[in-house]
Every structure is written in C-alpha cells, then in structure tokens.
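Results of the structural survey
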Amino acid sequence: MRGYQEGNGGEQGLAAWFRRWARLERVAVSLCTYECRLVPGLLQSEGYARAAFDNSVPPLSDDQKEAQVAARMQRQELIRSRPNTSFSFVMEEYIARRRLGGTDVARGQLDHILAFAELRNVTVQIMPIDSECHAGLDGPLALLETPDGKRLAYSEGQKNGRLIVDVTEAAVLHQRYATLRSQALSPLDSVGLLKRLRGAL
C-alpha cells in the first residue's frame, strides 16, 4: 500500500486516509498484502522507497520526501517488533523484475525482501507472469485480523483508500487472498525465483 503523504504530528508522512489502517496494523495478529503495482511498503528498502517517491507526480519537496521515507521505514519496524504476528505478502513477478531506481537499487531491494523472507513470521509469495488463473484482478488489497477476531480489509487507489469493516465484504476479500496464495508460487519457489533474479543483476 502506498498510503503516504505529508501529515501532521506523530503521523507525519502518512496520508489521512491511511492513518486508521496504520493504527490497526500495530495491534493486528495477522497482516496480509497483495500488491500488483510496486513492492509492498512493509518490504521496501530505503533506496527503493526513495526511488518510488522520486516518481511522485506532482514532484515532492525534499522535506515531503524525507518525511515519507522516514514514515515508511518506521512502519517496517512492525515486522521485527511483532514476532508473534504473521505477515503474508503476495506480489506480482514483474514488480521484482522492474529496476525501479536503477540496477543498484534493484539489487538492494531484492536483498531486502530475501532478508525478510528468512524471518519465521514472514511469508513472501510471487504470482508468476505466466499464471493462467488470477483471483486478484480487481487490484491490490490488504487484510488483517484483530486480537478479538475481527477480519478487516483495506483497498487503495489513486489518492484515496478505503477501510472495509463490513463483515460480508471483508470475507470476500479474505477468500480472494486465500485463492491468490494457492495460485502463486510456494514460499520456497518464490524465494528461489527472487534469488535467481538477484543473481542476474
């Protein structure tokens, strides 16, 4: 999820529409992300995040960019600080192949993903380019489960995002994500593909 812009107070760098979801992330017992546009924010290296924000239109000021990069890096602390929370990521293969920011940034980004994939609470899966079935054609999504068992979802588009609390709607998105995981490469095969891509750079 992109979800970043110049903010206020303790949430500087977080877009207004993303802040409630970001607060829910901090207490969730599981987080699942499907991304078809760019590396999920929780897995981005600092170099990749800078390259992504460099591509913002209209351009960001230096202060805006630094605030957004800092917010993205701080958000990543969730993964290491919450070892009992499970994090699942499914991303499109072409995202890993795109050399956003140049070859050096791409190498660093693949190393970054591979390092996270070694953690016991993180699963990374790649949706292959040649897949003939795809449950995520409606776009990126994020899912979480709260400590009291509520299953919520978040959908984001151009300059907006929507927290989905309706039980029926959220259940459909959780079902789609489960199907996506079954269609994607296994975690082991996904890591193997990422290592081959890294070796080719």
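I will try to describe carefully the structure that is included in this document. (Residues numbered from 1 in each chain as written. Predicted model: local features only at pLDDT ≥ 70, side-chain atom pairs only at ≥ 80, totals over all residues. Heavy atoms only, no water.)

Topic: helix H7 (residues 167-183)
Inclusion rule: Where helices and strands are cited, they refer to DSSP runs of H or I of at least four residues and of E of at least two residues respectively, numbered from the N terminus. Under the convention used throughout, the expected extent of a helix is 1.5 Å for every residue step, that is, one less than its residue count. Exposure is judged per residue with a 1.4 Å probe applied to protein chains only, and the accessible area is read against the type maximum: over 50% gives exposed, under 20% gives buried, and values in between give partly exposed. Note that the arc is computed from the directions linking the helix axis to the C-beta atoms. Whether two residues are in contact is decided by their heavy atoms, any of which lying within 4.5 Å being enough. For this analysis, a polar contact is any N or O atom pair within 3.5 Å, provided that within protein one partner can donate a hydrogen and the other can accept it, and provided that sequence-adjacent residues contribute only side-chain to side-chain pairs.
With 17 residues, H7 should reach 24 Å at 1.5 Å per residue; the first-to-last C-alpha distance of 24 Å fits that figure. Taken together, the buried positions of H7 are Ala170, Leu173, His174, Tyr177 and Leu180. Angularly, the buried residues of H7 cover 115° about the axis, an arc narrow enough to put them on a single face. Of the exposed residues in H7, the ones pointing more than 90 degrees away from its buried face are Val167, Thr168, Gln175 and Ser182. Where H7 is buried, its residues meet strand S1 (30-35), strand S2 (86-92), strand S3 (122-127), strand S4 (141-145), strand S5 (151-157) and strand S6 (160-164). A distance of 3.2 Å separates the backbone nitrogen of Thr168 from a side-chain oxygen at the start of H7, and that oxygen is part of Asp166.

Quick notes on the packing of aromatic side chains
This is how it is decided: Between the rings of Phe, Tyr and Trp (Trp by its six-membered ring), a pair exists once the centres lie within 6.5 Å; its type follows the angle of the planes, with under 30 degrees stacked, over 60 edge-to-face, and the other angles tilted.
Summed over all chains, the structure comprises one aromatic pair. Seen in terms of ring centroids, Trp21 and Tyr154 are 5.5 Å apart; in terms of plane orientation they differ by 25°. Their pairing is stacked. Linking Trp21 in helix H1 (residues 19-25) with Tyr154 in strand S5, this pair joins segments that are 133 residues apart in sequence.

Honestly, that's just the spatial picture; any functional story needs more than this.
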